[in-house]
Each structure stands twice: as C-alpha cells, then as structure tokens.
Amino acid sequence: MARRGGTYLFYPARKRSGARGCLLTGLFFVLAIVTAVLLINSATNTRLELSSETVTVMGLDKTFEGFTVLHVSDLHGNALGSDAQMWEDLLYGKRFDAVVMTGDMVGSAGNAQPLTDLIASLRSLNAKVPIYFIEGDDDPDAVNAEAHGSPEALADWVLRAQEAGAIYLDAPVRQEVGKYAVWFTPEYLYGVDAQGMAAALEGQKASMEAQGVPYQDEGGASYRALCYRLDAMNRTAQAVEEVADTDLQIALSHMPLEADYIRTSLEWAPENAAFSFRNISLLLAGHYCAGQWRLPGLGALYVPEWGWLTPDENIVGMQRVNSINQYISKGMAASEAYPMGGRLLNPPGITLLRFTGTLR
C-alpha cells in the first residue's frame with residue numbers, strides 16, 4: 001500500500017454499518033411487538049368476557065319473555081373455573097334462569113376440580129338456578145361400560161359434578177316457568193323413538209341376565225351401563241308424554257350441527273314427534289373455542305374440521321341453521337384437537353342469552 005501526501009492509496013473502504021443497523025432495529029421492533037402481543041394475550045386469557053345475545057322466537061308466549069340462559073362451555077379443566085372472585089365480579093347483579101354447560105368441561109385428563117369449583121361459585125350466586133351439563137368429545141366417557149373398580153355406572157367426574165349440585169343431561173329435563181315449562185334436552189335424543197329404544201334395551205338386559213353377565217367383572221360393568229341407559233331412555237319416554245306444544249325446548253350439543261344433518265333428521269323424524277328439530281327454539285353448542293388462534297381482521301387462523309381462515313359463521317356466535325337458532329360458545333380454554341396449543345388473541349368468554357318474541 002503506497003502513501004502519498006499524508007494519505008494512503010488503495011486503502012480498503014470501511015464497511016457500511018447502516019444496513020446492519022436497520023436490520024437490528026427491525027428485529028428489535030418485531031421482538032417488541034411479539035413480546036407485547038404475548039403479554040397482552042397472557043393477561044386477556046386470565047379474564048373472562050361476558051357477552052349478551054337476544055334469541056328471537058316468533059309467537060313466543062309472554063311467559064317466556066326475558067327467560068335468560070347463561071351458556072358456558074369448554075373449560076377443559078382450566079383454573080378459570082376455580083377463580084370464585086372472578087365469577088362473582090363478572091356475574092354480580094346479572095339475572096339468569098338456567099346455566100347450560102355444553103361439554104369439554106374437564107378435558108381428557110378428567111380434572112373435575114375446576115368444574116366443581118365453578119358449580120359451587122354459581123350456586124353461591126343463586127342456589128335456585130339449575131345447572132345443566134353434557135359431556136364433550138374431549139371429556140372421559142360419562143358412562144363406564146368397562147370394569148373400573150366401582151359399582152357406579154357414571155364416571156367420577158360426572159358424579160362429582162352432580163354432588164356439587166349440577167344436573168347431568170341424559171334425558172329431557174323439565175324446568176317450570178309459570179304455567180308452562182322449558183325442556184333442556186341433549187340433541188342426540190331428538191327424533192329418537194324412546195319407547196322402541198327402551199324395549200330394545202330391555203331385551204338386551206334380559207339376555208345379559210340369562211347369561212349371568214351381571215356377575216362377571218367386565219360383564220358387570222357393561223350390565224350396569226346398560227341399565228343406566230335403559231333408565232335414561234325410560235325417562236325420555238316419560239318426557240315425551242309430558243311435553244306440551246306450548247313449552248319451550250332448548251337442545252344441547254357439544255358439536256355444532258350443520259344444515260345437512262338437521263335436514264336429514266327432519267326427514268326421518270315423524271311430523272308429530274314431541275322432541276323434533278321442528279320444536280327447538282334454541283340449540284346451544286361449543287367445541288371450536290372460536291378457532292383458538294385468531295388474527296386481527298381475519299378471524300380464526302385454522303380449525304381442524306374447516307381448514308384455514310375459517311369464517312366465524314361456522315364456528316362461533318349466533319347462527320340460523322334450517323330455521324333453528326344455534327349459538328356456538330367461544331369457550332373458556334383450549335382444545336387438544338388443535339395443532340397449536342393455547343389461545344391467541346382470543347379471550348375466553350361466556351354468554352347470557354335472553355329470549356324475546358319482539359322483532360328488533
């Protein structure tokens with residue numbers, strides 16, 4: 001390298017640091033946004049949102065005007081159920097006539113404690129309001145048909161929920177409202193020939209007894225499960241005799257129902273069936289957890305049954321399906337069915353649904 005007049009010739013140019021500085025600034029900016037989103041997400045996931053919906057039913061008798069259901073779903077054994085103060089603050093001063101839980105309340109691990117804590121909290125707010133629940137696809141089977149070291153046909157988590165004061169819906173249950181009634185019914189009983197099913201189960205019971213099955217280890221559990229289902233079907237048949245045309249019917253399903261399924265069920269069901277989709281005023285469901293991971297302005301990122309960027313009309317909120325009001329809860333926790341865990345930008349929530357005959 002030569003030197004001339006106090007300067008160096010052919011001196012290598014200094015590397016510019018501007019591009020690297022911009023890159024680092026950009027990375028820090030992205031990291032800051034991600035951190036902020038995660039912090040906000042963590043904070044919102046520990047607090048429930050309470051929303052309200054109106055259920056409009058043409059020709060609704062004034063007896064049912066204002067009848068309100070608190071809809072809860074998909075707790076998955078989450079600690080939110082055990083936060084008694086949060087539930088008291090959220091529901092203080094709020095009026096509701098029934099609580100409905102549409103499954104996946106304990107999750108695959110069968111963690112019943114948050115559910116029983118939640119039931120206790122709700123009963124402390126109003127011990128007279130009935131609490132109904134069904135099982136979800138992530139919950140352990142509600143009825144044990146295999147040997148499990150207990151003479152009880154029902155699973156432990158169901159028994160614990162019942163002991164806490166909730167009602168397991170395995171048949172239609174009548175709730176009196178004035179001179180009429182509201183019937184809460186698991187969806188799978190709609191269109192079922194209850195008397196025919198009861199007769200078939202009676203035949204199976206007699207056959208098992210003739211073979212001595214009740215005295216076997218495995219057979220005994222199966223026999224007790226069958227007896228339980230027979231009792232539930234007999235109660236369903238009795239409800240068919242009692243339900244009136246003037247009564248209100250609310251159906252419960254963990255999985256939301258699609259139009260094709262409802263249409264097929266209507267085609268097969270007798271027109272005069274007491275518990276028919278034609279008579280449902282409201283269908284309550286859960287399962288999807290509002291897509292679990294959501295993007296601002298785009299909605300659910302991915303839903304296993306629906307695919308990418310699923311519209312909300314398929315997975316959350318009030319829908320109109322074959323003339324049936326179907327409300328899908330956004331849920332309170334995260335489902336194991338999703339490939340991504342947790343909830344992202346999707347605060348957990350519960351809903352108050354109020355009946356009215358007034359068009360708005």
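Our subject in this report is the structure included herewith. (Residues numbered from 1 in each chain as written. Predicted model: local features only at pLDDT ≥ 70, side-chain atom pairs only at ≥ 80, totals over all residues. Heavy atoms only, no water.)

## Regarding the overall build of the protein chain
For clarity, the threshold we go by: By definition, any uninterrupted DSSP run of H or I lasting at least four residues is a helix, any uninterrupted run of E lasting at least two residues is a strand, and each is numbered from the N terminus. Partly exposed residues are those whose accessible area sits between 20% and 50% of the maximum for their type, while under 20% is buried and over 50% is exposed, using a 1.4 Å probe and protein chains only. Between two residues, a contact is recorded if the distance between any of their heavy atoms is within 4.5 Å. Residue burial considers only the protein chains on display, and all accessible areas are found by Shrake-Rupley using a 1.4 Å probe.
Secondary structure summary: the protein chain contains seven helices and 18 strands in total. Looking at the 360 residues of the protein chain, the share that counts as buried comes to 46%. Put simply, 76% of the contacts in the protein chain that link residues at least 6 apart link residues at least 24 apart. For the protein chain, the accessible surface area stands at approximately 18500 Å², while carbon and sulfur atoms represent 54% of it.

## Side note on helix α2 (residues 84–91)
We apply this condition: Read the arc as the range of directions from the helix axis to the C-beta atoms.
For α2, the set of buried residues is Met86, Trp87, Leu90 and Leu91. What you see down the axis of α2 is that its buried residues fit within an arc of 110 degrees, all on one side. Buried residues along α2 sit against β3 (49–56), β4 (68–72), α3 (113–125) and β18 (349–356). Of the residues one or two after α2, glycine 93 is the one with positive phi, at around 80 degrees.

## A few points about the sheet that holds strand β7 (residues 167–168)
Remark on secondary structure: sheet strands pair via backbone hydrogen bonds, oriented parallel or antiparallel. Selection rule: Pairing between strands is defined by DSSP: at least two bridges between them are needed. Lines are fitted to the C-alpha atoms to define the axes, a helix being fitted only along its stretch in contact, and any angle between axes, read from their N-to-C directions, falls within 0 to 180 degrees.
As summarised here, the arrangement of the six strands in space is β3-β18-β4-β5-β6-β7, forming an open sheet in which the pairing is mixed. The sheet is open, and its two edges are formed by β3 and β7, each paired on a single side. Of the strand pairs in this sheet, strand β5 (residues 98–102) and strand β6 (residues 131–134) are connected by four bridges, and their pairing is parallel. Across the sheet, residue threonine 102 finds its bridge partner in β6, namely isoleucine 134. Where α3 meets the sheet, its contacts fall on β4, β5 and β6, and the angle it forms with β5 comes to roughly 165 degrees. Each of β6 and β7 is contacted by helix α4 (residues 156–164), which is oriented at about 175 degrees to β6, the strand it contacts most.

## Comments concerning the packing of α2 against α3
Rules: Our angle categories are set so that under 35 degrees counts as roughly parallel, over 145 as roughly antiparallel, 65 to 115 as roughly perpendicular, and the remainder as oblique. For any helix crossing, the convention is left-handed if the near helix is rotated counterclockwise from the far helix by under a right angle, and right-handed if that rotation is clockwise. Residues are grouped as follows: Ala, Val, Leu, Ile, Met, Phe, Trp, Tyr, Cys and Pro are nonpolar; Asp, Glu, Lys and Arg are charged; all remaining types, including Gly, are polar.
At a closest axis distance of 10 Å, the pairing of α2 and α3 adopts a crossing angle of 40 degrees. As far as their axial angle goes, α3 and α2 are oblique. Crossing hand, α2 versus α3: right-handed. In this structure, α2 contributes Ala84, Trp87, Glu88 and Leu91 to the contact, and α3 contributes Leu118, Ser121, Leu122 and Leu125. Partitioned by chemical class, the residues of the contact of α2 with α3 number six nonpolar, one polar and one charged.

## Let's talk about the packing of aromatic side chains
To keep it simple, the criterion reads: Aromatic rings from Phe, Tyr and Trp, with only the six-membered ring used for Trp, were paired whenever their centres fell within 6.5 Å, and each pair was classed as stacked if the ring planes differed by under 30 degrees, edge-to-face if by over 60, and tilted otherwise.
With the rule as written, the count across this model stands at 10 aromatic pairs. An aromatic cluster of three or more residues is present, and its members are Trp183, Tyr190, Tyr261, Phe275 and Phe277.

## A word on α3
Cut-off, in case you're wondering: What a helix is expected to span follows from its residue count: subtract one and scale by 1.5 Å.
The terminal C-alpha atoms of α3, which comprises 13 residues, lie 19 Å apart, in line with the 18 Å expected from a rise of 1.5 Å per residue. Among all positions in α3, only Pro114, Leu115, Thr116, Leu118, Ile119, Ser121 and Leu122 are buried.

## Focus on the sheet that holds strand β17 (residues 324–328)
Pairing in this open sheet of six strands is mixed, and the strands run β8-β9-β10-β11-β17-β16 from one edge to the other. In the strand order of this sheet, the two ends are held by β8 (173–177) and β16 (317–321), each with one partner. For this sheet, the mean inter-axis angle between neighbouring strands, taken without regard to orientation, is 25 degrees. Bridge count between β16 and β17: five bridges; the pairing is antiparallel. Bridging across to β17, arginine 320 finds its partner in asparagine 325.

## Description of the environment of leucine 159
Here leucine 159 is to be found in helix α4. A C-alpha to C-alpha distance of 9.7 Å links leucine 159 and alanine 112, two positions 47 residues apart in sequence. For leucine 159, the residues in contact, after removing those within four places along its chain, are Glu152 and Leu154.

## As for unusual backbone geometry
The backbone of histidine 287 sits at a positive phi, close to 80 degrees, despite the residue not being glycine. The exposure class assigned to histidine 287 is buried, which follows from its relative accessible area of 4%. Residue alanine 290 is not a glycine yet carries a positive backbone phi of 60 degrees. Inspection of the secondary structure assignment puts alanine 290 in the loop between β11 (282–285) and β12 (294–295). The buried category is assigned to alanine 290, whose relative accessible area is 3%.

## Here we look at the pairing of strand β9 (residues 180–186)
In terms of burial, β9 is a largely internal element, seven of the seven residues being buried. Where burial is concerned, the two faces of β9 agree: the one with Tyr180, Val182, Phe184 and Pro186 and the one with Ala181, Trp183 and Thr185 are both buried. Of the pairings in the sheet, the one linking β8 to β9 comprises five bridges and is antiparallel in character. When the sheet's bridge partners are listed, valine 177 is paired in β9 with tyrosine 180. Taking the residues that link successive antiparallel strands as the turn, the β8-β9 hairpin has two residues, and the phi of glycine 178 there is positive, at about 60 degrees. Sheet topology note: the β9/strand β10 (residues 248–252) ladder contains five bridges and is parallel. Opposite threonine 185, over in β10, you have alanine 251 as the bridge partner.

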